[in-house]
Amino acid sequence: MGIPVFILAGLLVHCVFLVSIFDIYFSSPLVHGMTPQQTPLPPPAKRLVLFVADGLRADSLYELNSNGTPRAPYLRSILENNGSWGISHTRVPTESRPGHVALIAGFYEDVSAVAKGWKENPVEFDSVFNESKYTWGWGSPDILPMFAKGATGDHVYTFCYTAESEDFGAQDAAELDMWVFDHVKSFFNSSRSNQTLFSALHEDRVVLFLHLLGIDTNGHAHRPNSREYKENIKKVDEGIKEIASMIENFYGNDGKTAFILTSDHGMTDWGSHGAGHPSETLTPLIVWGAGVNYPQKVTSQFFEDNFLKEWKLEDLKRMDVNQADIAPLMASLIGVPFPLNSVGTLPLEYLNNSAHFKAESMFTNAVQILEQFKVKMSQKKETTLSFLFTPFKPLSDSEQINFLKKTRLYIQQEKYDEAVSLCKTLINLALEGLSYYHTYDRLFLGLSIAMGFVGWTTYVILVIIKTHTNLTKTVQTNNQESTVLFYSFAFVGIIIAFFLLIQTCPWTYYVYCLLPVPVWYAVVREIPVIQDLATNLLSLRIGQSIGFLLVCTLGIEILVFSFFYRSALTIGLLVFAGWPVITQLWVQAKTTALIWTLLCVLLAIFPLMPVVGREPNISLVIAAGLLTLLISCFSLASLCKSENKYGNNEDLKIHFYQVLSIALSTYVVSSTHDSLKNKQGLPLLNQIASWMTLVSSSVLPLLSPTFLFRRLFSILLSLMSVYLLLSTGYEALFPLVLSGLMFVWINMEQEALQHYGLSLKQKLAVFNFAYATDISQFRQLHLDDVRRSFFFVFFIVTAFFGTGNIASVNSFDPASVYCFLTVFSPFMMGGLLVLKVVIPFVLVSCAFEAIQVTTQLSSKSLFLIVLVISDIMALCGLWISPATKNSERKTKRRLICL
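What counts and what doesn't
Residues numbered from 1 in each chain as written. Predicted model: local features only at pLDDT ≥ 70, side-chain atom pairs only at ≥ 80, totals over all residues. Heavy atoms only, no water. Helix = DSSP H or I, 4+ residues; strand = E, 2+ residues; numbered from the N terminus. Buried < 20%, exposed > 50% of the residue type's maximum accessible area, 1.4 Å probe, protein only. Contact = heavy atoms within 4.5 Å. Areas by Shrake-Rupley, 256 points an atom, 1.4 Å probe, with all protein chains shown as cover. Phe/Tyr/Trp six-rings, centres within 6.5 Å; stacked < 30°, edge-to-face > 60°. Lys NZ or Arg CZ within 6 Å of the ring centre and 35° of its normal. Core = buried A, V, L, I, M, F, W, Y, C linked by side-chain atoms within 4.5 Å. Patch = residues over 30% accessible without salt bridge, like charges linked within 9 Å, V, L, I, M, F, W, Y side chains within 5 Å. Salt bridge = Lys/Arg side-chain N within 4 Å of Asp/Glu carboxyl O. Disulfide = S-S within 2.5 Å. Polar contact = N/O pair within 3.5 Å; in protein donor to acceptor, adjacent residues only side chain to side chain. Pairing = 2+ DSSP bridges. Axes fitted to C-alpha atoms, helices over the stretch in contact; angles between N-to-C directions. Parallel < 35°, antiparallel > 145°, perpendicular 65-115°, else oblique. pLDDT = per-residue confidence, 0-100. Nonpolar A, V, L, I, M, F, W, Y, C, P; charged D, E, K, R; others polar.

A. Up close: the overall build of the chain. In terms of regular secondary structure, the chain is built from 34 helices and eight strands. When the 898 residues of the chain are sorted by exposure, 54% land in the buried category. Residue pairs in contact within the chain that sit at least 24 positions apart in sequence constitute 79% of those at least 6 positions apart. Summed over all atoms, the accessible surface of the chain reaches about 38,900 Å², with 62% contributed by carbon and sulfur.

Right, dumping it as structure tokens:
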């Protein structure tokens, strides 16, 4: 296989592997074609007002101030005197879009929506808004439009402020909420002089949606424990009080309005969200008005948390729900059909209505979820051969009919409690069945992908052994045997394709199932190489071979575990610190070995530190900038002394510009922090300087000298100037320590070369990579090169996870990009945060390339070893993920990152 074909094949295999993760684990759960289900009895409310306080934590609303007064007096009085309350439990990812979809549509959206910035609808869905007669919404342009776009007909109207208003550096983000309250008031006032609007507002099944983003914005900018966040809650409380009073007066206090206050997600103490920490998943729920139960006094109630005592709410019944349960609650209150794709269970404890109404509503809920199950089962049955189809036995056709008949009979006999109990059982079974059919092909597809990936990894290992080692000899291939082999695999491929065709499988299934065929064909063609290799391996000492395999396995396991536990990196770095002692390298290079050990220990501290953003410390960022500046000045002085070695002063100028860039970045970080702290926004000059630094950092290293260490140092300075602008705390020191270790690593590899007698030690100080490398000088791979490649993979993983777990969305701190922009822009902010992650990766990659050149190895040989290690890690991650249910989504993100 030629190099171009090999590269294309590798890209194809890895692209298929990457796409398969989305197809297997993140495919949309939605189905279409269900019949809308509506409770036949008249509803208690004509209209519903939904307040969603974006980013509001349950504890932030319910807890009392230090002086014992409520943080939100009006809402506190509601839950104590007029309504019902509890906690709404959200799901990962705890982001605004999926949170609102769960609230209003009743289902948990798949993560594929993140590819559209949580703004567009990857799959069209039904919602309470769509089922209403009219819906009016006010709030963020990031949330409201998606429900208007997904609605059928012209009955969902939205009013949004500009995207530029969502500024983390604004004086007071509570103004976003004030905008909503003011526009709702003016809307109702204008309706008195607009008969059409006035009549529409007095229709039944009307929804008013107020999206309040200020709390979330203040939480990101100032943290949830800040004065700004708490004051915003108070302003929202006052605004809700005014709006509720105004609406009641507008409708003449007819008692036909239901109110719901909740949140889409919470927020961590460090001002981020996205993962599954309780502070992110526990959100408040307060319901009052028409059809809602009054507060229920209790003598005791038990929850695993101790919040009731902290909040002084022990005597009021707390009714927790899943976030998706709020959609059927809203539908039941105003009498609209339950959203077609809702998987929520109606929380009956919130309803103040007859037992008959509750039973009918629950029956409607059960039938609506059962409809989804029947469509899902029908779809899977149509694409599976009858003798291969395994139905969900607890909910067979006869069982479905039995459940429905029994429930209807109980309702007719006025045995409402029995009917409700049966409906809950049916709902649970239907949800289990939905999950069963949604993941029906997961094992089959996973095995297909694994077979293809194992085959690819095996083939790469054979290529390494065949072309870059002396373990095998050239073997002539038999053309006749090759032809038979080709037609055999072609026949297998045809059989697989026919099998998929008669089942009318999606085209992606053909890719996943047929990919192993050519891959394993390539492997089987190399049987002579495998036989030759086996002969050579059998001649080795068994103990040595087993020991080598155990060390490799342990090393890869540590890498895989580091995806879950960052402290595994610390263990690995401490082992690395002892590498010179274990291999006796310290004997020939005591100073270099000592520096290596110290830097490994120093780098090992970072994975033990809190995730970046949790404890911001601008002083450490400034200290890192000053330290970099000090190192740069020493380097500049060294260059000035050796100026006679240069033909001109251009190199000196480049270095001087980079020193100035470091100084400027340090100043911008300090100045921007002070400006935002004083609520003066992001200074324009600072913003311009930041973007100019970003652009220049990609150009200046290309103009630096081509001597090895000078070019590497130039790259460090350029990247460091950008990294400082993206730092909020201790992570600013990370690239300095990492690059220091990389410089020492390059020297240590030269010592290792000499130690194993593979090559003479190079004079790195005068090594110039601009000159063409003599291909004839490339050596064959040695066993120590596997260790060299493993070091690279380990340092890459350390670069990714050393200062945080990038697989968790809440590890990203928006404050990191405040030197560049403060107005909310998901793709721009995401791009800058990815750049921050990539910078340490670039430092490690440059060092590895330097090692490849100075150790006289072809880049292809080392790259192939790295590829094998990474592929084995990916396979381990693929099969670990289903077993760890609590971290399933995180695991998938880690695989994507890999």
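B. The arrangement of the packing of aromatic side chains in detail. With the rule as written, the count across this model stands at 56 aromatic pairs. Ring geometry for F606 against F734: centres 5.3 Å apart, planes inclined by 75°, an arrangement best described as edge-to-face. Residue F606 is found in the loop between α25 (590-604) and α26 (618-641), and its partner F734 is found in helix α30 (residues 734-755); the two are separated by 128 residues along the sequence. For F606, a relative accessible area of 9% translates into the label buried. The structure contains a cluster of three or more aromatic residues connected by ring pairs, namely Y134, W136, W138, Y157, F159, F187, F188, F198, F250 and Y251. Seen from the ring of F303, R318 lies directly overhead, with NZ or CZ sitting 3.9 Å from the centre.

C. Just the nonpolar core, in detail. Membership of the largest hydrophobic core comes to 123 residues, with the highest contact counts inside it found for F576, W596, W745, F795 and M873. When neighbours within four sequence positions are excluded, F576 is seen to be in contact with W596, C600, F790, F791, F794 and F795. If you look at the next biggest cluster of nonpolar residues, it comprises 68 residues, including I326, L329, F389 and A419.

D. Highlighting helix α4 (residues 96-105). When you tally the buried positions in α4, you get 10 out of 10 residues, the bulk of the element. Every buried residue of α4 is listed here: S96, R97, P98, G99, H100, V101, A102, L103, I104 and A105. At its buried positions, α4 is contacted by β1 (47-53), α5 (128-131), α6 (144-149), β5 (206-212), β6 (257-262) and α13 (326-334). Positioned one or two residues after α4, G106 has a phi angle of 85°, which is positive.

E. Region of interest: a nonpolar patch on the surface. On the surface, F387, L388, F498, F499, L501 and I502 cluster together to form a nonpolar patch covering roughly 610 Å² of accessible area. Among the secondary structure elements, F387 is positioned in the loop between α14 (355-382) and α15 (397-412). Taking relative accessible area as the criterion, F387 reaches 65% and is therefore assigned exposed.

F. Structural detail: α13. Taken across its nine residues, α13 has nine buried, putting it largely inside the fold. Buried within α13 we find I326, A327, P328, L329, M330, A331, S332, L333 and I334. Following α13 by one or two positions, G335 adopts a phi angle in the positive range, close to 75°.

G. Geometry of the state of the cysteines. For the structure shown, the criterion picks out zero disulfides. The structure places no disulfide on C505, whose sulfur is separated from the nearest cysteine sulfur, that of C513, by 7.4 Å. The exposure class of C505 is buried, given its relative accessible area of 13%.

H. Representation of the side chain of T135 within the structure. Structurally, T135 can be placed in strand β3 (residues 134-139). Within the structure, T135 has its side chain in polar contact with the side chain of S132 (distance 2.6 Å).

I. Structural detail: the pairing of β1. A large share of β1 lies buried, amounting to seven of its seven residues. Here β1 shows a buried face lined by R47, V49, F51 and A53 and a second buried face lined by L48, L50 and V52. For β1 and β5, the ladder comprises seven bridges, and the chain directions are parallel. From the neighbouring strand, V49 faces β5, where its bridge partner is L208.

J. Fine view of the environment of F801. By the secondary structure assignment, F801 is in helix α31 (residues 783-801). A relative accessible area of 3% means that F801 is categorised as buried.

K. Main features of the packing of helix α7 (residues 174-191) against helix α10 (residues 227-250). Between α7 and α10, whose axes approach to 10 Å, the crossing angle comes to 10°. Classed by the angle they form, the pair α7 and α10 counts as roughly parallel. Of the residues in α10, those touching α7 at A174, D177, M178, F181, V184, K185, F188 and S191 are N232, K235, V236, G239, I240, E242, I243, M246, I247 and F250.

L. Focus on the confidence of the model for the chain. Scored by pLDDT, the chain comes out at a mean of 86, with 89% of its residues at no less than 70. Note that pLDDT drops below 50 for residues 881-898; the model gives that stretch 47 contacts with residues more than four away or on any other chain.

M. Local environment of the packing of helix α9 (residues 214-222) against α10. Where α9 meets α10, the closest approach of the two axes is 9 Å, and the angle between their N-to-C directions is 170°. What the angle tells us is that α9 and α10 run roughly antiparallel. Residues G214, I215, N218, G219 and H222 of α9 form the contact with α10, whose participating residues are E228, Y229, N232, I233 and V236. Residue composition of the contact of α9 with α10, by class: four nonpolar, five polar and one charged.

N. Region of interest: the pattern of salt bridges. All chains considered together, the criterion is met by 25 salt bridges. Its salt-bridge partner being K235, residue D172 comes within 2.8 Å of it at the nearest N-O pair. With D172 in the loop between β4 (156-160) and α7 and K235 in helix α10, the pair connects residues that are 63 residues apart, well separated along the chain. Linked by salt bridges that have partners in common, E749, D784, D785, R787 and R788 make up one network.

O. Fine view of the pairing of β5. Summarising burial for β5: seven of the seven residues are buried, a large majority. Burial along β5 is two-sided: V206, L208, L210 and L212 and V207, F209 and H211, pointing in opposite directions, are all buried. Taken together, the five bridges between β3 and β5 define a ladder with parallel strand orientation. In the sheet register, W136 faces β5, and the bridge partner there is L208.

P. A look at the sheet that holds β1. Spatial ordering of the open sheet is given by β4-β3-β5-β1-β6-β7-β2-β8, a layout of eight strands whose pairing is mixed. Two strands bound the open sheet, and with one partner strand each, they are β4 and β8 (321-322). Two elements, β3 and β4, share five bridges in a ladder whose sense is parallel. Across the sheet, the residue bridging to T135 is V156, located in β4. Across the sheet, α13 touches β1, β2 (83-89), β5, β6, β7 (282-289) and β8, and the angle it forms with β6 is around 170°.

Q. Seen up close, unusual backbone geometry. Cis geometry is adopted by the peptide bond preceding P93, which originates at V92 and carries an omega value of 0°. Position of P93 among the secondary structure elements: in the loop between β2 and α4. Although it is not a glycine, N253 sits at a positive phi angle of roughly 50°. Within the secondary structure layout, N253 lies in the loop between α10 and β6. Positive phi values are uncommon outside glycine, yet Q584 reaches one of about 65°. Mapped onto the secondary structure, Q584 falls in the loop between α24 (579-582) and α25. In this structure Q584 comes out as partly exposed when scored by relative accessible area, which is 42%.

R. The environment of G729, seen in detail. Within the element layout of this structure, G729 appears in the loop between α29 (708-725) and α30. Note: C-alpha distance between G729 and N617 (112 residues apart in sequence) is 4.3 Å. If we skip the residues at most four places from it in the chain, G729 touches N617, L620 and V621.

S. Region of the structure containing the environment of L340. Residue position: L340 is located in the loop between α13 and α14. A C-alpha to C-alpha distance of 6.8 Å links L340 and Q368, two positions 28 residues apart in sequence. Among all residues touching L340, those that are not within four sequence positions of it are M34, T35, P36, D126, E131, Q368 and Q372.

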